[in-house]
Amino acid sequence: MFTDRMTLSPPGPSGPPEELQELGFMERPIRRCLKTTEEIDQLTVNEDLNDVERAVYLLSVGQEVQRASVISNLPSLVRQNPAETFRRVVPKVREVLNGATNDIQLAAAASFLTILQDDIILIHTHTYSILKIVLTHLNHRDPVVSSAWLETLLSAINALPRETIKQEVLTPLLYHSQVSQSLQARLASCRILGKVVSKFDSHIVKKELLPLARSLCRDVEPEVQVCMCRQFESIAQAIGVDDTRTELLPELVELAEDEEDSVRQTAFDSIVNLMEMMDSDDRLHVLTPMVMSVCNASSQVDKAITTSLSFRFGTLCSVLAGFLSDEQKRLMLQKFQVLCVTGLSTEGNQMESNDSALIRSNCCYNLPAMLAFVDSARFLLDLYPSFSSLCRDPEVSVRQNAAAMFHQVAKLLGSDVSLIHNELLSLLQDDALEVLDTLMNQLDETLELVLSRGNSLTMDNKLSELLSALLVAEQKVGCSLRWRLHEKTLQRYSCLARLLPGELLHQSFSTRIFMILTTNKVLPVQREAARTFCTFLRYNRKQEQRQEMMEQLIQDLAQGRSYWNRLRFLDVCEVATEIFSRKYFNKHFVIPALELVHDPVPNVRYKLCQLLPRMRSSLHLPADKILLQKLDFCVQKLLCREKDKDVVAIIRKTVLELDKLDLSEPFLKRHEWDFLDQKKEKEEMLLLEMLERHQSDGKLNHTDRKRRDGKTSLSSTKSMSMSSSTAASSSSKETRKVKLSRSRSLSSQPTTSKPMNLDRLLKVKDLGSSGPGKSTKDDSLRTTHFTLTTQSTSSMPVLIRSNTTGLLDQASALEQRDLRTSTSDQRDHRSSTVDQRNHRTSSLDQREHRTSTLDQRDNRTSTLDQRDHRTSSLDLIDHRTSTLDQRVLRTSTLDHKMLRTSTLGQRSKTIDHGCGMKDSQTRKLSINRKSGSFQSGQD
């Protein structure tokens, strides 16, 4: 197959062909190691040496690679043993650096810089030894190495004392700042001068260092002048405000007129940085003319200053606002408008695209300051065209900066925020994801400003346009691969729940968010969608929509066919514990989540086990006792029937976590999130109250008229009832007085009875007062019955009062004797007849109660006068009278019991004849009383 490609020449007389001779190297012996034995012996170090001795040995006889390794490891040696390192290793490093390569020089500069910045050394002598090495190699011929040693020196100045700096640094500084020295040495002198001024007093700086700074400002090289201008700010802080105005400011003004662009730009920047140290005269006579001259200059003539001016424009306008005339303000505004379109077609592309894009980006940065300078009332005329142009700029970086400043512009506009509605739509519909990413950083604040302050936003189709733009932006981000931006977008959209009506939000966003929750495959995006959906559910004020969203979660996720959706429901439950209150979570999420214990997929059961501790912490006894039993049943089932090893491991771990929870702990001892849950529950109650008010607004309008009509009729009936009640009250006062006197006389009598009788009376009282509307009726019946009985028995009050004490004493004696006898109460025929008469008497009392219902009609008419203070006091007296009636009834029941005990005394054989005589008198008195009451009942 390869015959055409490989054709060997015939062997010649001199030996094999040339091709075979070329392949002869393959027969040479292959070198199995990269180093020879001698080289390995040179690289071998005795293992008994410590770190310091090994470093000294390698710096003395080691190779370059070993020396560079020791120098790079110098900071760790200083940390371990600083004294020995500076005594033995640092001198060897100084010897190695003489004539060393650039790599070793850079490694040494980096090591010493690390030692100085980390504050490893605490003795100034060690810093002095480093300073000697740095000053020796500061003027290295390689600029990279020289710059590295310069950074080390600037860091060492902070740790050196003032006298050391004055002797070791300032003396070489005066020499190297001369014009005869190299450019690199003069540049280093400028930076060292700006660093050492902070170590000395203002008098020394003004006397010794300020003349040196002036000489460097007049250097022939523009680079030296630029470097010295950048140090003027630190020098101004060292010498003070007065000396800055008299000494430094004239030098900067002179440099601002230099022929070099870089010098003018640096001087301009330095003057702007020193604005805070200028007084009003300097701002008016120095800064203002210079700024106006820069604004009048063409952008093409002075590119560098134009770029610097575009970055400082807002600051200059804020500082000089009180010193500019109206004409100067107009010129400043015109200059800003020109800067906003620099490099576009209107300018003819005179500047480079990079510089012009930078200028326009700087204008975006200064938009809030310019809006404060112009006033928001003139935004539409003066700044809106420039703002609109920047939001639609062809460069992505410019639009990105405009999106970053959009929320500040909206905040400054206030109620006129609807003016930038189209620009917000343009940024939301931008094709560049970088613009959307920047806009999403403060989108929640922007939407809150737009939707709350835009009064005319809901009057037309602007709101629908904004919602459509938000949906388009989310779909555009969702189709891209930037899932972090998608997560941020969903997080910012959650603020819409507080800003938009629930119905509009439900129609526009809830469906889309739920679709993302069920279809997106990125887990952080799904969790953020779950959080946003739960936020929409919490702030929705319509019960039907809340129910629909909850059913959607349960049917499509908790009971979904895909295990992926069931896992997402558990994620929703995890988010719901943070958003909703415990009460709402326990009512809607706990049971559907616990039902997933029967899920056939182990991943779902595994996720459920992880969620169980959080679910149990939301349960409180005794209110959630049923849910706690279900959760314990779920745990027991997983422990007993689970076969997957991962689920078994996680449920055992979960059981240990559940045992640590104490559900019976008092509320005051719980964590802070219990108080947050209480706050959430109050907010949910307020939302429900707002929902009920919204539903009852229509009903209230319909019932207002009925209330007005009812008030007129009520006033007429009240006047009639007042006239009738005054007549009735005068007639009832006398009866009340009689009742009170009768009840007081009866209540003053000593009474003793059995505990069983009192218990029975209390039971009868409880049964009588069990109904909610029977208490007033019973009181009226008792009052009526008491008035009838007092009229019938008013002729014998003295007999009852005189015999009650004797009868009670006899009853107590008979009860003690009845314990010794075994006779039965049922044999006494007379006692049974007395009981039958008592039963007839009770039936007559019931008839009397029926007749007393006629008096209740008068009570109904008196209920209209309850608001009157006089009638309320009379009702209180009636209540006291009813309580006295109850005492009378109790005394009557005691009389019945004493009659029964007297019949028992007749059957006893051990009772003497005197007791029998007293019992017969007692029976006669009781019969006379019953006959009197029977006769009064017939009357």
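Only a predicted model underlies this, so the values are computations on that prediction, with no experimental measurement involved. (Residues numbered from 1 in each chain as written. Predicted model: local features only at pLDDT ≥ 70, side-chain atom pairs only at ≥ 80, totals over all residues. Heavy atoms only, no water.)

## A few points about the overall build of the chain
What the chain contains, in helices and strands, is 49 helices and zero strands. Residues classed as buried in the chain amount to 41% of the 939 residues present. For the chain, the share of sequence-separated contacts (at least 6 apart) that also reach a separation of at least 24 residues comes to 71%. In the form shown here, the chain has an accessible surface area of approximately 53600 Å², with 52% of it arising from carbon and sulfur atoms. (Helix = DSSP H or I, 4+ residues; strand = E, 2+ residues; numbered from the N terminus. Buried < 20%, exposed > 50% of the residue type's maximum accessible area, 1.4 Å probe, protein only. Contact = heavy atoms within 4.5 Å. Areas by Shrake-Rupley, 256 points an atom, 1.4 Å probe, with all protein chains shown as cover.)

## Description of unusual backbone geometry
Note: most residues except glycine have negative phi, and most peptide bonds are trans. Non-glycine residue Asp375 carries a positive phi angle of around 90 degrees. In this fold, Asp375 is placed in the loop between helix H22 (367-374) and helix H23 (379-382).

## Examining the UniProt feature "repeat: HEAT" (unreviewed entry) in the chain
Within this structure's numbering, the places UniProt gives as "repeat: HEAT" (unreviewed entry) are residues 209-247, 248-282 and 383-421. Secondary structure over residues 248-282 splits into 69% helix and 0% strand, and the C-alpha atoms at its two ends are 12 Å apart. (UniProt positions renumbered as here; feature names shortened; annotations may be inferred.)

## A closer look at the packing of helix H34 (residues 523-539) against helix H36 (residues 563-579)
At their nearest, the axes of H34 and H36 sit 9 Å apart, and the two run at 55 degrees to each other. Considered as vectors, H34 and H36 are oriented oblique to each other. Handedness of the H34/H36 crossing: right-handed. Here Leu523, Gln526, Arg527, Ala530, Arg531, Cys534, Thr535 and Arg538 of H34 lie close against H36, whose contacting residues are Trp564, Arg568, Asp571, Val572, Val575, Glu578 and Ile579. Among the residues making up the contact of H34 with H36, the classes are represented as seven nonpolar, two polar and six charged. (Axes fitted to C-alpha atoms, helices over the stretch in contact; angles between N-to-C directions. Parallel < 35°, antiparallel > 145°, perpendicular 65-115°, else oblique. Left-handed = near helix turned anticlockwise from the far one by under 90°. Nonpolar A, V, L, I, M, F, W, Y, C, P; charged D, E, K, R; others polar.)

## Structural notes on the environment of Ser182
Residue placement: Ser182 occurs in the loop between helix H11 (170-176) and helix H12 (183-196). Among the residues examined, Ser182 registers a relative accessible area of 42% and is labelled partly exposed. Measuring from C-alpha to C-alpha, the distance between Ser182 and Asn139 comes to 9.2 Å, with 43 residues separating the pair along the chain.

## Thoughts on the packing of helix H33 (residues 502-519) against H34
One way to put it is that H33 packs onto H34 with a least axis distance of 8 Å and a crossing angle of 150 degrees. The angle between H33 and H34 places the two elements in the roughly antiparallel class. Considering how the two elements wind past one another, H33 and H34 form a crossing that is left-handed. Seen from H33, the contacting residues are Leu505, Phe509, Ser510, Ile513, Phe514, Ile516 and Leu517; seen from H34, they are Val525, Gln526, Ala529, Ala530, Thr532, Phe533 and Phe536. Per-class residue counts for the contact of H33 with H34 are eleven nonpolar, three polar and no charged.

## Some details on the nonpolar core
Counting residues in hydrophobic clusters, the biggest one holds 203 residues, and the most contacted among them are Trp149, Ile192, Leu470, Leu496, Phe589 and Met615. Top contributing element to this core by residue count: H36, with eight residues. In contact with Leu496, other than residues within four places in its own chain, are Leu447, Leu451, Leu470, Leu505, Phe509 and Phe536. (Core = buried A, V, L, I, M, F, W, Y, C linked by side-chain atoms within 4.5 Å.)

## Points about helix H3 (residues 51-61)
Along H3, the residues classified as buried are Val52, Ala55, Val56, Leu58 and Leu59. Summarising the axial view, the buried residues of H3 lie within an arc of 165 degrees, below the 170-degree limit, and thus occupy one face. Contacts made by the buried residues of H3 are with helix H4 (64-72), helix H5 (74-80) and helix H6 (82-97). (Arc of directions from axis to C-beta.)

## Concerning the side chain of Gln181
In this fold, Gln181 is placed in the loop between H11 and H12. In this structure, Gln181 is in contact with Tyr175, His176 and Arg186, ignoring residues within four places of it in sequence.

## A few points about the environment of Glu574
Structurally, Glu574 is set in helix H36. For the pair Glu574 and Arg531, spaced 43 residues apart in sequence, the C-alpha separation works out to 9.4 Å. Leave out the neighbours within four places in its chain, and Glu574 touches Lys607, Leu611 and Arg614.

## What about the pattern of salt bridges?
Side-chain pairing between opposite charges can occur once the charged atoms of the two side chains come close. Throughout the structure, instances matching the rule amount to 31 salt bridges. The salt bridge involving Arg191 is made with Glu151; its shortest N-O contact spans 3.0 Å. With Arg191 in helix H12 and Glu151 in helix H9 (residues 143-159), this residue pair connects regions lying 40 residues apart in the sequence. Across the pair Arg614 and Glu578 runs a salt bridge whose closest N-O atoms are separated by 3.8 Å. Taken as a pair, Arg614 in helix H39 (residues 602-617) and Glu578 in helix H36 lie far apart in primary sequence, 36 residues in all. (Salt bridge = Lys/Arg side-chain N within 4 Å of Asp/Glu carboxyl O.)

## Considerations on the confidence of the model for the chain
Across the chain, pLDDT averages 74, with 64% of residues at or above 70. Scored below 50 in pLDDT, residues 1-9 shows three contacts in the model against residues more than four places distant or in partner chains. Contacts for the low-pLDDT stretch residues 711-816, under 50 throughout, to residues beyond four places or in other chains number 84 contacts. (pLDDT = per-residue confidence, 0-100.)

## Describing the side chain of Ser189
Within the secondary structure, Ser189 sits in helix H12. Under the relative-accessibility criterion, Ser189 is labelled buried at 2%. A polar contact is formed between the side chain of Ser189 and the backbone oxygen of Ala185, at a distance of 2.9 Å. (Polar contact = N/O pair within 3.5 Å; in protein donor to acceptor, adjacent residues only side chain to side chain.)

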